[in-house]
Amino acid sequence: KPVYAVIVFDRSGSMESTEKEECVRWERDWRGRYCAESKIVSDNKWESAVNGAITFAKTLSNKINGSKIALVGFSGDSDYIRNDWTGEYTNTLKSDAKKEDDADVIKINGKEWFNGSELTSDKFGSPNGGTNLQAGLRKANELLSSIADADAKKYVVVISDGQPTFYYDNKG
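Bear in mind the structure is a predicted one, so any value in this text is a computation, not a measurement. Numbers given for residues are sequential positions, taken from 1 along each chain in its written order. Per-residue local features of the predicted model are confined to residues with pLDDT of at least 70, and side-chain atom pairs are confined, for both listing and counting, to 80 or more; whole-chain, interface and lining totals are unaffected and use all residues. The basis for every side-chain value is the complete set of non-hydrogen atoms in the structure, without hydrogens or water.

1. With respect to the pattern of salt bridges
Once the charged atoms of two side chains with opposite charge are near each other, the side chains can pair. Worth spelling out the cut-off: Every case where a carboxyl oxygen of Asp or Glu lies within 4 Å of a side-chain nitrogen of Lys or Arg is listed as a salt bridge. When a residue's accessible area, from a 1.4 Å probe over protein chains only, is under 20% of the maximum for its type it is buried; when over 50% it is exposed; and in between it is partly exposed. For helices the rule is a DSSP run of H or I covering at least 4 residues; for strands it is a run of E covering at least 2, with both sets numbered from the N terminus onward.
Across all of its chains, the model carries 8 salt bridges by this definition. The partner of Glu27 in a salt bridge is Arg25, with the nearest N and O atoms 1.9 Å apart. Note on Glu27: relative accessible area 32%, which makes it partly exposed. Measuring nitrogen to oxygen at the nearest pair gives 3.8 Å for the salt bridge that ties Lys139 to Glu142. Remark: Glu142 and Lys139 occur in helix H2 (residues 133–145); sequence separation between them is 3 residues, near one turn of the helix. A single network of salt bridges, built from pairs that share partners, joins Arg25, Glu27 and Glu37.

Pasting the structure below:
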(Lines give C-alpha, C1' and ligand atoms only; values in the text may rest on other atoms or scores of the structure.)
Protein backbone atom coordinates (compact mmCIF):
# COMPACT_ATOMS: atom_id res chain seq x y z
CA LYS A 1 0.00 0.00 0.00
CA PRO A 2 1.31 3.47 -0.81
CA VAL A 3 2.33 5.64 2.14
CA TYR A 4 1.92 9.42 2.25
CA ALA A 5 3.16 11.53 5.17
CA VAL A 6 2.79 15.27 5.63
CA ILE A 7 5.23 17.01 7.95
CA VAL A 8 3.43 20.02 9.43
CA PHE A 9 6.29 22.26 10.54
CA ASP A 10 6.04 25.22 12.93
CA ARG A 11 7.85 28.28 11.50
CA SER A 12 6.67 30.69 14.21
CA GLY A 13 9.02 33.10 15.94
CA SER A 14 9.12 31.03 19.12
CA MET A 15 10.92 28.28 17.17
CA GLU A 16 13.95 30.52 16.80
CA SER A 17 17.06 29.26 18.55
CA THR A 18 18.06 31.43 21.48
CA GLU A 19 21.32 31.99 23.27
CA LYS A 20 21.82 32.62 26.95
CA GLU A 21 24.67 33.00 29.36
CA GLU A 22 25.22 29.97 31.59
CA CYS A 23 27.53 29.70 34.56
CA VAL A 24 30.15 26.97 34.27
CA ARG A 25 32.10 27.66 37.48
CA TRP A 26 30.75 28.94 40.79
CA GLU A 27 32.92 30.35 43.61
CA ARG A 28 32.38 31.79 47.08
CA ASP A 29 33.82 34.81 48.79
CA TRP A 30 32.75 37.12 51.62
CA ARG A 31 29.73 38.25 49.51
CA GLY A 32 28.52 34.70 49.00
CA ARG A 33 28.30 32.49 45.96
CA TYR A 34 28.96 34.03 42.53
CA CYS A 35 29.59 32.96 38.97
CA ALA A 36 33.32 33.05 38.29
CA GLU A 37 33.12 31.81 34.69
CA SER A 38 30.31 31.69 32.19
CA LYS A 39 29.74 30.75 28.57
CA ILE A 40 27.09 31.41 25.94
CA VAL A 41 24.93 28.39 25.09
CA SER A 42 22.24 27.94 22.47
CA ASP A 43 19.11 25.83 22.80
CA ASN A 44 19.36 24.98 19.06
CA LYS A 45 15.56 24.76 18.91
CA TRP A 46 15.24 25.61 15.21
CA GLU A 47 18.14 23.41 14.13
CA SER A 48 16.87 20.48 16.23
CA ALA A 49 13.36 20.74 14.76
CA VAL A 50 14.67 20.95 11.19
CA ASN A 51 17.03 18.01 11.76
CA GLY A 52 14.17 16.01 13.30
CA ALA A 53 11.99 16.59 10.24
CA ILE A 54 14.82 15.63 7.88
CA THR A 55 15.62 12.50 9.89
CA PHE A 56 11.95 11.47 9.87
CA ALA A 57 11.67 12.02 6.11
CA LYS A 58 14.85 10.10 5.28
CA THR A 59 14.04 7.25 7.65
CA LEU A 60 10.53 6.83 6.25
CA SER A 61 11.85 6.81 2.68
CA ASN A 62 14.54 4.27 3.59
CA LYS A 63 12.17 1.96 5.47
CA ILE A 64 9.18 2.14 3.11
CA ASN A 65 10.16 2.11 -0.52
CA GLY A 66 8.09 4.50 -2.64
CA SER A 67 6.71 6.49 0.30
CA LYS A 68 5.93 10.11 -0.46
CA ILE A 69 6.41 13.07 1.87
CA ALA A 70 5.09 16.63 1.79
CA LEU A 71 6.23 19.57 3.89
CA VAL A 72 3.77 22.20 5.16
CA GLY A 73 5.16 25.24 6.94
CA PHE A 74 2.91 27.32 9.18
CA SER A 75 3.02 30.45 11.34
CA GLY A 76 0.76 33.44 11.96
CA ASP A 77 1.30 36.85 10.45
CA SER A 78 0.48 40.52 10.40
CA ASP A 79 -2.90 39.92 8.74
CA TYR A 80 -4.30 39.83 12.27
CA ILE A 81 -5.38 42.90 14.22
CA ARG A 82 -2.95 43.83 17.00
CA ASN A 83 -4.19 45.10 20.37
CA ASP A 84 -2.65 48.56 20.85
CA TRP A 85 -2.68 48.23 24.65
CA THR A 86 -1.09 44.82 25.06
CA GLY A 87 0.83 44.51 21.79
CA GLU A 88 -0.64 41.02 21.37
CA TYR A 89 -2.34 39.86 18.20
CA THR A 90 -6.06 39.11 18.30
CA ASN A 91 -7.68 36.27 16.41
CA THR A 92 -9.47 38.73 14.12
CA LEU A 93 -8.25 39.13 10.55
CA LYS A 94 -7.86 42.60 9.03
CA SER A 95 -10.48 43.36 6.40
CA ASP A 96 -7.90 43.27 3.57
CA ALA A 97 -6.25 40.04 4.77
CA LYS A 98 -5.83 37.02 2.57
CA LYS A 99 -7.70 34.23 4.28
CA GLU A 100 -5.86 31.03 5.11
CA ASP A 101 -2.39 32.24 4.11
CA ASP A 102 -0.70 31.19 7.36
CA ALA A 103 0.37 27.83 5.91
CA ASP A 104 1.89 26.78 2.64
CA VAL A 105 3.11 23.65 0.94
CA ILE A 106 6.87 23.91 0.60
CA LYS A 107 7.73 22.39 -2.75
CA ILE A 108 10.93 20.38 -3.00
CA ASN A 109 12.48 20.38 -6.46
CA GLY A 110 9.18 21.77 -7.77
CA LYS A 111 7.07 18.95 -6.31
CA GLU A 112 4.51 18.86 -3.50
CA TRP A 113 5.23 15.15 -2.85
CA PHE A 114 8.85 14.09 -2.71
CA ASN A 115 11.24 11.40 -1.54
CA GLY A 116 12.64 11.99 1.96
CA SER A 117 16.23 12.03 0.70
CA GLU A 118 15.43 15.25 -1.22
CA LEU A 119 14.67 17.27 1.94
CA THR A 120 17.43 19.65 3.05
CA SER A 121 17.65 22.28 5.78
CA ASP A 122 17.56 25.24 3.38
CA LYS A 123 13.94 24.42 2.42
CA PHE A 124 12.45 25.32 5.80
CA GLY A 125 12.80 29.11 5.66
CA SER A 126 13.21 30.91 8.96
CA PRO A 127 11.12 31.35 12.11
CA ASN A 128 8.77 34.34 12.24
CA GLY A 129 5.26 35.24 13.42
CA GLY A 130 2.75 33.48 15.63
CA THR A 131 1.60 29.86 15.78
CA ASN A 132 -1.38 28.96 13.59
CA LEU A 133 -1.33 25.17 13.87
CA GLN A 134 -4.88 25.03 12.53
CA ALA A 135 -3.68 26.51 9.22
CA GLY A 136 -1.00 23.85 8.95
CA LEU A 137 -3.42 21.03 9.70
CA ARG A 138 -5.94 22.35 7.17
CA LYS A 139 -3.26 22.47 4.48
CA ALA A 140 -2.16 18.91 5.36
CA ASN A 141 -5.76 17.74 5.11
CA GLU A 142 -6.07 19.35 1.65
CA LEU A 143 -2.97 17.50 0.49
CA LEU A 144 -4.05 14.13 1.86
CA SER A 145 -7.62 14.55 0.61
CA SER A 146 -6.31 14.99 -2.94
CA ILE A 147 -4.89 11.44 -2.95
CA ALA A 148 -7.34 9.30 -4.91
CA ASP A 149 -5.93 5.90 -3.91
CA ALA A 150 -8.36 4.48 -1.31
CA ASP A 151 -5.74 1.94 -0.15
CA ALA A 152 -3.12 4.58 0.65
CA LYS A 153 -1.92 4.96 4.21
CA LYS A 154 -1.94 8.65 5.18
CA TYR A 155 -0.09 10.24 8.09
CA VAL A 156 0.44 13.69 9.58
CA VAL A 157 3.50 14.49 11.71
CA VAL A 158 3.46 17.81 13.59
CA ILE A 159 6.72 19.43 14.69
CA SER A 160 6.09 22.40 16.98
CA ASP A 161 7.19 23.86 20.29
CA GLY A 162 3.90 24.76 21.87
CA GLN A 163 0.34 25.94 21.86
CA PRO A 164 -1.27 27.77 18.95
CA THR A 165 -1.53 31.55 19.26
CA PHE A 166 -3.66 32.00 16.10
CA TYR A 167 -6.64 30.16 14.71
CA TYR A 168 -9.45 30.67 12.23
CA ASP A 169 -12.85 31.79 13.43
CA ASN A 170 -16.19 31.36 11.65
CA LYS A 171 -15.17 34.09 9.15
CA GLY A 172 -12.11 32.14 7.98
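2. Considerations on the sheet that holds strand S8 (residues 153–159)
Formally: The rule for pairing is simple: two strands pair if DSSP sees at least two bridges between them. An axis is simply a line fitted to the C-alpha atoms; with a helix, the fit covers only the stretch in contact. Between two such axes, the angle follows the N-to-C directions and lies from 0 to 180 degrees. In this analysis, two residues are considered to be in contact whenever any of their non-hydrogen atoms come within 4.5 Å of each other.
One open sheet holds the 4 strands; their spatial order is S7-S4-S1-S8, and the pairing between them is mixed. At either end of the open sheet lies a strand with only one pairing partner, and these are strand S7 (103–106) and S8. In this sheet, neighbouring strand axes are inclined to one another by 25° on average, regardless of whether the strands run parallel or antiparallel. In the sheet, strand S4 (residues 68–74) pairs with S7 via 4 bridges, with the strands oriented antiparallel. Its bridge partner being in S7, Phe74 is matched across the sheet by Ala103. Relative to the sheet, helix H1 (residues 45–63) contacts strand S1 (3–10), S4 and S8, its axis offset from that of S1 by approximately 180°. H2 contacts S1, S4, S7 and S8 of the sheet and is inclined by roughly 160° relative to S1.

3. Thoughts on H2
Cut-off, in case you're wondering: Given the number of residues in a helix, its expected span is that number minus one, multiplied by 1.5 Å. Note that the arc is defined by the directions from the helix axis to the C-beta atoms.
The end-to-end C-alpha distance of H2 is 18 Å, a good match for the 18 Å that 13 residues give at a rise of 1.5 Å each. Residues Leu133, Ala135, Gly136, Lys139, Ala140, Leu143 and Leu144 constitute the buried set of H2. Within H2, the buried residues cover an arc of 170° as seen down the axis, which keeps them to one side. Contact partners of the buried residues in H2: S1, S4, S7 and S8.

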